[in-house]
Amino acid sequence: MLALVNGDYQARGNSLTTVSGEEALLQRILMKLTARRGQFPFMEDFGSRLWALGQLRPPQRQAAAEQYVTEALADEAGLTVDSVTLTEEGGTARLTAIVSTAETTLTAEVTLQ
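Residues numbered from 1 in each chain as written. Predicted model: local features only at pLDDT ≥ 70, side-chain atom pairs only at ≥ 80, totals over all residues. Heavy atoms only, no water.

### What to know about the nonpolar core
Inference 1: One finds Ile29, Leu33, Leu50, Leu53, Val69, Leu95 and Leu112 to be the most contacted residues of the largest nonpolar core, which totals 22 residues.
Inference 2: No other element matches the 5 residues that helix H2 (residues 58–72) contributes to this core.
Inference 3: Setting aside residues no more than four positions away along its own chain, Ile29 makes contact with Leu73, Leu79, Val99, Leu106 and Ala108. (Core = buried A, V, L, I, M, F, W, Y, C linked by side-chain atoms within 4.5 Å. Buried < 20%, exposed > 50% of the residue type's maximum accessible area, 1.4 Å probe, protein only. Helix = DSSP H or I, 4+ residues; strand = E, 2+ residues; numbered from the N terminus. Contact = heavy atoms within 4.5 Å.)

Structure representation (structure tokens):
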């Protein structure tokens, strides 16, 4: 899998950097959490609905965030969503999802506008 940094492919000399293993899994998770669900033709189930959190009342957002993360990662075999934390400050929200496989635990952090 090609390495992404802030949405851009990461160059290494005249080629592109690749990632594998845990790093590739974390990159896939971040892509699924940040992409808008339903925006990719022929991949209607790719992405999340986290972009819609701002349309909900503040007391509803934490539960919705947990649901949206679980929904976005449902097709990752062997992956369990352990916890989802949503913190809001000003007009920005920060989501932290802790996920695990049989071999490892990963932390994915996403900033939402």
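### As for the packing of aromatic side chains
Inference 1: With the rule as written, the count across this model stands at 1 aromatic pair.
Inference 2: A centroid spacing of 5.4 Å and a plane angle of 85° characterise the contact between Phe40 and Phe46, whose relative ring orientation is edge-to-face.
Inference 3: Phe40 gets classed as partly exposed once you look at its relative accessible area, which sits at 37%.
Inference 4: In this structure Phe46 comes out as buried when scored by relative accessible area, which is 17%. (Phe/Tyr/Trp six-rings, centres within 6.5 Å; stacked < 30°, edge-to-face > 60°.)

### What to know about the sheet that holds strand E7 (residues 105–112)
Inference 1: Reading across the sheet, the 3 strands line up as E5-E6-E7 and stay open at both edges, with antiparallel pairing between neighbours. Strands at the two margins of the open sheet, each flanked by one partner only, are strand E5 (80–89) and E7. For this sheet, the mean angle separating the axes of adjacent strands, direction not counted, is 15°.
Inference 2: Judged from the 9 bridges that link them, E5 and strand E6 (residues 92–100) form a sheet pairing that is antiparallel. Within the sheet, the bridge partner assigned to Ser83 lies in E6 and is Ile98.
Inference 3: Packing against the sheet, helix H1 (residues 21–34) makes contact with E6 and E7, and its axis sits at approximately 30° to E7. (Pairing = 2+ DSSP bridges. Axes fitted to C-alpha atoms, helices over the stretch in contact; angles between N-to-C directions.)

### Looking at a nonpolar patch on the surface
Inference 1: On the surface, Phe40, Phe42 and Met43 cluster together into a nonpolar patch covering about 370 Å² of accessible area.
Inference 2: Note on placement: Met43 falls in the loop between H1 and H2.
Inference 3: Of the residues examined, Met43 reaches a relative accessible area of 42% and is grouped as partly exposed. (Patch = residues over 30% accessible without salt bridge, like charges linked within 9 Å, V, L, I, M, F, W, Y side chains within 5 Å. Areas by Shrake-Rupley, 256 points an atom, 1.4 Å probe, with all protein chains shown as cover. Salt bridge = Lys/Arg side-chain N within 4 Å of Asp/Glu carboxyl O.)

### Comments concerning the environment of Phe40
Inference 1: By the secondary structure assignment, Phe40 is in the loop between H1 and H2.
Inference 2: If sequence neighbours within four positions are ignored, Phe40 has contacts with Ala35 and Phe46.

### Let's talk about H2
Inference 1: Between its terminal C-alpha atoms H2 stretches 21 Å, which fits the 21 Å expected from 15 residues at 1.5 Å a residue.
Inference 2: Taken as a whole, H2 carries its principal kink of about 25° at Ala64.
Inference 3: Arg61, Ala64, Ala65, Tyr68, Val69 and Ala72 are the residues of H2 that are buried.
Inference 4: Turning to H2, the residues buried within the fold contact H1, E5 and E6. (Expected span 1.5 Å × (residues − 1). Bend = angle between axes of the 7 residues up to and from the residue.)

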